Amino acid sequence: MIVEERGSGPGTDVLIRKVDGHLAVLRTGLHGPELELAEELARCLRELVVATAHSSAADRGLVRAAVHYFVLRRESRGKLLPVRSLAAAQRMVNKVARQLDRPDLLVESHPSRR
């Protein structure tokens, strides 16, 4: 039996499962450019999680914060809690990718998403 190792950090699999689970939920309600953005954000986050599995606690904390920002997208309840947009998650993920010197993982804005 072959076992694929995603990452060997203590929280790596948990974070990847959170990203994948949230993406599965988004796939049921999003279409077109929004779904493409969600898929790209998830891909970037997975790569950042794996890339920082053996990094400093500060770097892992940045990635964990970006994952939580993406996953814990609040639902609107009237005027009390605004829905956090995927564009806001994109800005957060890109900020973390830049801080970790990973410009190859930046999620670009496509004209069809504006």
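Just so we're clear, the structure is a prediction, and the values are computed from it rather than from any experiment.

A. Representation of the overall build of the protein within the structure. Within the protein one finds four helices and zero strands. The secondary structure elements of the protein, listed N-terminal to C-terminal, are α-α-α-α. Considering the protein as a whole, with its 114 residues, one finds that 36% of them fall into the buried category. The contacts of the protein with a sequence gap of at least 6 include a subset with a gap of at least 24, amounting to 60%. Approximately 7,100 Å² of the protein is accessible, and the part contributed by carbon and sulfur atoms is 55%.

B. Representation of unusual backbone geometry. We note that Asp 101 has phi near 55°; this positive angle belongs to a residue other than glycine. Within the element layout of this structure, Asp 101 appears in the segment after helix 4 (86-99). Judged by its relative accessible area of 62%, Asp 101 falls in the exposed class.

C. A look at helix 4. Taking 1.5 Å per residue as the helical rise, helix 4 with its 14 residues ought to reach 20 Å, and the 20 Å between its terminal C-alpha atoms agrees with that figure. Against helix 1 (12-29), helix 2 (32-51) and helix 3 (57-71) lie the buried residues of helix 4. Where helix 4 ends, the next residue or the one after it, Asp 101, has phi of about 55°, a positive value.

D. Seen up close, the layout of surface pockets. Taken as a whole, the second largest pocket spans an internal volume of roughly 170 Å³. Residue assignment for the lining of the second largest pocket shows that the elements contributing at least two residues are helix 1 and helix 3. When residues of the lining of the second largest pocket are assigned to their parent elements, the largest contribution, four residues, is made by helix 3. Residue composition of the lining of the second largest pocket, by class: seven nonpolar, three polar and two charged.

E. Layout of the environment of Asp 104. Within the element layout of this structure, Asp 104 appears in the segment after helix 4. Considered as a pair, Asp 104 and Cys 44 are 60 residues apart in the sequence and their alpha carbons are 9.3 Å apart. Within the local environment of Asp 104, its side chain forms a polar contact with the side chain of Arg 102, the two groups lying 2.8 Å apart.

Rules and cut-offs
Residues numbered from 1 in each chain as written. Predicted model: local features only at pLDDT ≥ 70, side-chain atom pairs only at ≥ 80, totals over all residues. Heavy atoms only, no water. Helix = DSSP H or I, 4+ residues; strand = E, 2+ residues; numbered from the N terminus. Buried < 20%, exposed > 50% of the residue type's maximum accessible area, 1.4 Å probe, protein only. Contact = heavy atoms within 4.5 Å. Areas by Shrake-Rupley, 256 points an atom, 1.4 Å probe, with all protein chains shown as cover. Expected span 1.5 Å × (residues − 1). 1 Å grid on protein atoms, 1.4 Å probe; cavity = no way out; pocket = protein on both sides within 12 Å on 5 of 7 lines; lining within 4 Å. Points joined across faces, edges and corners; volume = space filled by probe spheres on them. Nonpolar A, V, L, I, M, F, W, Y, C, P; charged D, E, K, R; others polar. Polar contact = N/O pair within 3.5 Å; in protein donor to acceptor, adjacent residues only side chain to side chain.

By themselves, these figures tell us nothing about what the structure is for.
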